[in-house]
Amino acid sequence: MKAAVLVFPGSNCDRDLAVAIEKICGNKPVMVWHQESELPDDLDLIAVPGGFSYGDYLRSGAMAARSAVMPAVIKQAERGVPVLGICNGFQILTEAGLLPGALMRNAGLSFICRNVGLEIQNTTSPFTRLYKKNQKIHLPVAHHDGNYTADEATLDQLENEDRVALRYTENVNGSARNIAGVLNKKGNVLGLMPHPERMIEDAHGGKDGYNMFASLMQVMA
Amino acid sequence: MKANVHVTLKNGVLDPQGKAIHHALERLGFSGVNNVRVGRLIELDLDDNVSDQEIEDMCRKLLANMVIESFRIEKVA
C-alpha cells in the first residue's frame, strides 16, 4: 500500500502514524512536508496526523488547512483516495471543508488524555469494515478541542447517511450526540479524535486500533 | 487604513469558556451578569486600496470559521 503522511510544523503523531501504517500495511509511507504543493498521484491513503499544527494559532487546524499541500489533498479526496485525519488531523479536515462541523474547546475546558470507550457505528467505510456494528472498543484520546459541533440539520443528515463512524460511550468532551468520528458523503474521508495508531499492539495495552488500518488493506485486496 | 475584525460564536453555539468566565465573575461577587460570550478581536493594518469585499473574503476564508462563528468588520480611520 502506498501511503502519505502529512507533516506540519507542530505535528507530533506523524511518526507513530507512520509506524502503524508500515507495521500493518507493509510499506513505509512517504512523509510529505506541508510546503509541498503536489502529492504522488498513485496513493492508496493520505493520513493527516495529530499534534498541534502551527501551535493551534487562530483555531486548531485553521492554519494547516490553508497550507500549500492542502489543495492537492482536497483534489485527491474528491477523486476518492482514502483520507484519514486523526485528532489534529480531524480538526484540519473540518477546517479544510472536507468534513462537516467543527471541533470546539472541550465542554469541561480541560485537556483530556486517557483511554475512552467507543462504539463503532459505520462498518461499510474503507476504515471501519473489519469492525462489527456496535462493537465496543477502547482508544486513547489526547485533546483540548474535541467537542464536535454541527447544526441539527447536519447532525441528522450524518446519522441518516450512516456517516457517524464512531461514538463515545460516555460524554467525554461535550460532543454533539457523542460523535467521535465522521465520514464525508462519499465515505472516503474519515476524521476522528481518538488515536487508533496508539492501540495497535499488545505493548500499547490493546489492539483496538489495528483494524482501522487493516480495513484499508482489505479494501485494496 | 485599519480594520478591526470581531469574531464571535454564532447564537446557539454553546460557549464553555464564556460559561466558565461567567461562573468566575459570580464567584468574585459580580451578581448582575446574565451571560458571557467569548470572541476574538483581530486588528488588520491594510493598504488603502484593499476593498471591503477583500476584507470580507479574508474573514470568510480564514479569520472566522463560518460553521460556528460570525464576524463583524469595523473600519477604524
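Within an unreviewed UniProt entry, the label attached to chain B reads Phosphoribosylformylglycinamidine synthase subunit PurS, and the organism entered is Zymomonas mobilis subsp. mobilis. We quote the UniProt Subcellular location (unreviewed entry) comment for chain B here in full: "Cytoplasm".

Where do I start with the overall build of chain B in this structure?
If you tally the helices and strands in chain B, you get 2 helices and 3 strands. Starting at the N terminus, the α and β elements of chain B follow one another as β-α-β-α-β. The globule rule puts the C-alpha radius of gyration for 77 residues at 11 Å, and the 16 Å found for chain B is more than 25% above it. The principal-axis extents of the C-alpha atoms in chain B amount to approximately 50 × 25 × 15 Å. Counting only residues that meet the buried cut, chain B has 30% of its 77 residues in that class. Expressed as a percentage of contacts within chain B between residues at least 6 apart in sequence, the contacts between residues at least 24 apart total 67%. Accessible surface, chain B as shown: approximately 5,200 Å² in total, 51% of it carbon and sulfur.

For this particular structure, what's the right way to read the interface of chain A and chain B?
Reports often express the size of an interface as the amount of accessible area lost when the parts come together. Chain A puts 14 residues into the contact, and the matching count from chain B is 16 residues. Buried area between chain A and chain B, summed over both chains or domains, comes out near 1,100 Å², and the portion from carbon and sulfur atoms is 68%. Taken as a group, Leu58(A), Arg59(A) and Met104(A) account for 45% of the area that chain A buries against chain B, more than any other trio of residues on that side. Our enumeration of links across chain A and chain B arrives at 1 salt bridge. The salt bridge partner of Arg59(A) is Glu69(B), with a shortest N-O separation of 3.7 Å.

Mind showing me how you'd approach the pairing of strand β2 (residues 30-33) of chain A here?
Here is the key point about a regular strand: its side chains alternate between the two faces of the sheet. Residue and element names in this part refer to chain A. In this sheet, β2 lies alongside strand β1 (residues 3-7) in parallel orientation, the contact comprising 4 bridges. Residue pairing in the sheet places alanine 4 in a bridge with valine 30 of β2. At this point the chain moves from β1, through helix α1 (residues 14-25), to the parallel β2, and the crossover so formed is right-handed.

Explain helix α3 (residues 70-79) of chain A here, please?
Residues three or four positions apart in an α-helix share a direction because the helix packs 3.6 residues into each turn. Residues and elements named next belong to chain A. When α3 is considered as a whole, its buried residues turn out to be Met70, Ala72, Val73, Gln76 and Ala77. Along α3, the residues classed as buried sweep out an arc of 155 degrees about the axis, all on the same side. The outward face of α3, more than 90 degrees from its buried face, is lined by the exposed residues Pro71, Lys75, Glu78 and Arg79. Immediately downstream of α3, the backbone of glycine 80 shows phi near 105 degrees, a positive value.

Can you help me understand the packing of α1(A) against helix α6 (residues 210-220) of chain A in this one?
Two quantities define a packed helix pair, namely the angle between the helix axes and the distance between the axes. Residues and elements named next belong to chain A. Look at α1 against α6: their axes get within 9 Å of each other, and the N-to-C directions meet at 55 degrees. As judged from the angle between their axes, α1 and α6 are oblique. Like other packed secondary-structure pairs, α1 and α6 cross with a definite hand, here right-handed. Residue-level inspection shows Leu17, Ala20, Ile21, Ile24 and Cys25 of α1 in contact with α6, the latter providing Tyr210, Phe213, Ala214 and Met217. Residue composition of the contact of α1 with α6, grouped by class: 9 nonpolar, no polar and no charged.

Honestly, empty space enclosed by the protein in this entry has me stumped. Any pointers?
Unfilled space is identified by rolling a water-sized probe across the atoms. Residue and element names in this part refer to chain A. Counted by the stated rule, this structure contains 1 cavity of 30 Å³ or more. Estimated volume of the largest cavity: approximately 60 Å³. Lining of the largest cavity is provided by Gly51, Phe52, Asp56, Ser60, Cys87, Asn88, Gln91, Phe111, Ala142, His143, His144 and Asp145. Listing elements by their share of the lining of the largest cavity, those giving two or more residues are α4 (88-95) and β7 (136-143).

The rules we used
- Residues numbered from 1 in each chain as written.
- Chains lettered and ligands numbered in written order.
- Predicted model: local features only at pLDDT ≥ 70, side-chain atom pairs only at ≥ 80, totals over all residues.
- Heavy atoms only, no water.
- UniProt positions renumbered as here; feature names shortened; annotations may be inferred.
- Helix = DSSP H or I, 4+ residues; strand = E, 2+ residues; numbered from the N terminus.
- Rg over C-alpha atoms; globule rule 2.2 N^0.38 Å.
- Buried < 20%, exposed > 50% of the residue type's maximum accessible area, 1.4 Å probe, protein only.
- Contact = heavy atoms within 4.5 Å.
- Areas by Shrake-Rupley, 256 points an atom, 1.4 Å probe, with all protein chains shown as cover.
- Buried area = accessible area lost by both parts, 1.4 Å probe.
- Salt bridge = Lys/Arg side-chain N within 4 Å of Asp/Glu carboxyl O.
- Pairing = 2+ DSSP bridges.
- Right-handed = clockwise from strand over helix to strand, strands pointing away.
- Arc of directions from axis to C-beta.
- Axes fitted to C-alpha atoms, helices over the stretch in contact; angles between N-to-C directions.
- Parallel < 35°, antiparallel > 145°, perpendicular 65-115°, else oblique.
- Left-handed = near helix turned anticlockwise from the far one by under 90°.
- Nonpolar A, V, L, I, M, F, W, Y, C, P; charged D, E, K, R; others polar.
- 1 Å grid on protein atoms, 1.4 Å probe; cavity = no way out; pocket = protein on both sides within 12 Å on 5 of 7 lines; lining within 4 Å.
- Points joined across faces, edges and corners; volume = space filled by probe spheres on them.

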